[in-house]
Amino acid sequence: MTDFADEARSRTARLLRMAAPGDDRDGIIEYATTTPDPPLMGRHGIRTTGCARCRRTMWLQRDLWVCASCGWVREEGDRQGEAGAV
């Protein structure tokens with residue numbers, strides 16, 4: 001398979017392709033359709049942190065942190081709710 005063909009696959013198809021045979025396919029499909037796509041990888045990779053509300057992963061998208069699970073958004077400099085913030 002060419003890289004182009006792999007890039008044309010939906011996020012759901014890519015996640016299902018990576019899943020183990022015993023994984024919950026319905027749960028994977030629900031996750032892929034209800035959470036935002038990760039940001040494009042920059043030259044320094046993808047920056048992540050923990051979400052103060054649901055304890056899942058947040059991605060830095062431009063100047064905003066966006067939670068992949070609950071959708072909470074906060075500005076990059078805003079440390080409110082972050083673990084260890086003063």
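Okay, so let's go over this structure. Note that this is a predicted model, so its numbers are computed, not measured.

### What to know about the sheet that holds strand β3 (residues 64-67)
Okay, so step 1: Spatial ordering of the open sheet is given by β1-β2-β3-β4, a layout of four strands whose pairing is antiparallel. For this open sheet the edge positions go to β1 (48-50) and β4 (73-75), each flanked by a neighbour on one side alone. Taking each pair of neighbouring strands and ignoring which way they run, the sheet shows an average axis angle of 30°.
Okay, so step 2: Relative to β3, strand β2 (residues 57-61) is paired through four bridges, and the arrangement is antiparallel. Among the inter-strand pairings, Leu 60 is bridged to a residue of β3, identified as Trp 65.

### Regarding the pattern of salt bridges
Okay, so step 1: In the structure shown here, the tally under the stated rule is one salt bridge.
Okay, so step 2: Among the ionic pairs, Arg 47 bridges to Glu 76, the shortest N-O distance being 3.1 Å. Pair noted here: Arg 47 is in the loop between α3 (25-34) and β1 and Glu 76 is in the segment after β4, with a separation of 29 residues, a long-range link.
Okay, so step 3: Look at Arg 47 and you get partly exposed, because its relative accessible area is 44%.
Okay, so step 4: Glu 76 gets classed as partly exposed once you look at its relative accessible area, which sits at 34%.

Basis of the calculations
- Residues numbered from 1 in each chain as written.
- Predicted model: local features only at pLDDT ≥ 70, side-chain atom pairs only at ≥ 80, totals over all residues.
- Heavy atoms only, no water.
- Pairing = 2+ DSSP bridges.
- Helix = DSSP H or I, 4+ residues; strand = E, 2+ residues; numbered from the N terminus.
- Axes fitted to C-alpha atoms, helices over the stretch in contact; angles between N-to-C directions.
- Salt bridge = Lys/Arg side-chain N within 4 Å of Asp/Glu carboxyl O.
- Buried < 20%, exposed > 50% of the residue type's maximum accessible area, 1.4 Å probe, protein only.

Spatial relationships are all this shows, so hold off on functional conclusions.
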